[in-house]
Amino acid sequence: TLICSIFADNPFWGERITKLGVGKHIRFKELSKAKIIKALKELQNEDTRKKVAVLGKQLKAENGLTIALDFIEQKIHTAPVVNLD
């Protein structure tokens, strides 16, 4: 993955994938053809492929939807309620 961040949470996720070793991050204001080519070449190595495969297996093993729904059901009774009357 190559993230060219523009705004909001893009820089966070760009730095996260870089830290995990499964991608590269370039801020849009620093973007150039040379940096894109360099980043893509760096990503095309066996070490990155192995890290991506491991992360992919971990993500596939998670049941994210069930975990999220369980969390919501657990916390919903403490959620603030706004009375619109």
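Residues numbered from 1 in each chain as written. Predicted model: local features only at pLDDT ≥ 70, side-chain atom pairs only at ≥ 80, totals over all residues. Heavy atoms only, no water.

Digging into the side chain of histidine 25
Next up, step 1: Among the structural elements, histidine 25 can be located in strand 2 (residues 24-27).
Next up, step 2: At 2.7 Å, the side chain of histidine 25 and the side chain of serine 5 are in polar contact.
Next up, step 3: In this structure histidine 25 touches Ile3, Ser5, Asn10, Pro11, Gly14, Glu15 and Thr18, once residues within four positions along its chain are discounted. (Helix = DSSP H or I, 4+ residues; strand = E, 2+ residues; numbered from the N terminus. Polar contact = N/O pair within 3.5 Å; in protein donor to acceptor, adjacent residues only side chain to side chain. Contact = heavy atoms within 4.5 Å.)

Considerations on the confidence of the model for the protein chain
Next up, step 1: Of all residues in the protein chain, 100% attain a pLDDT of 70 or more, and the chain-wide mean is 93.
Next up, step 2: Mean pLDDT per element in the protein chain: helix 4 (residues 64-75) is the minimum at 93, and strand 2 is the maximum at 97. (pLDDT = per-residue confidence, 0-100.)

Some remarks on the pairing of strand 2
Next up, step 1: Summarising the sheet, strand 1 (residues 2-5) and strand 2 pair through four bridges and their orientation is parallel. Bridging from a neighbouring strand, cysteine 4 pairs with isoleucine 26 of strand 2.
Next up, step 2: Regarding topology, helix 1 (residues 10-20) serves as the crossover connection from strand 1 to the parallel strand 2, and that connection is right-handed. (Pairing = 2+ DSSP bridges. Right-handed = clockwise from strand over helix to strand, strands pointing away.)

Details of the environment of valine 22
Next up, step 1: Position of valine 22 among the secondary structure elements: in the loop between helix 1 and strand 2.
Next up, step 2: Using a relative accessible area of 9% as the deciding quantity, one classes valine 22 as buried.
Next up, step 3: In contact with valine 22, other than residues within four places in its own chain, are Thr1, Ile17, Leu43, Thr48, Lys51, Val52 and Leu55. (Buried < 20%, exposed > 50% of the residue type's maximum accessible area, 1.4 Å probe, protein only.)

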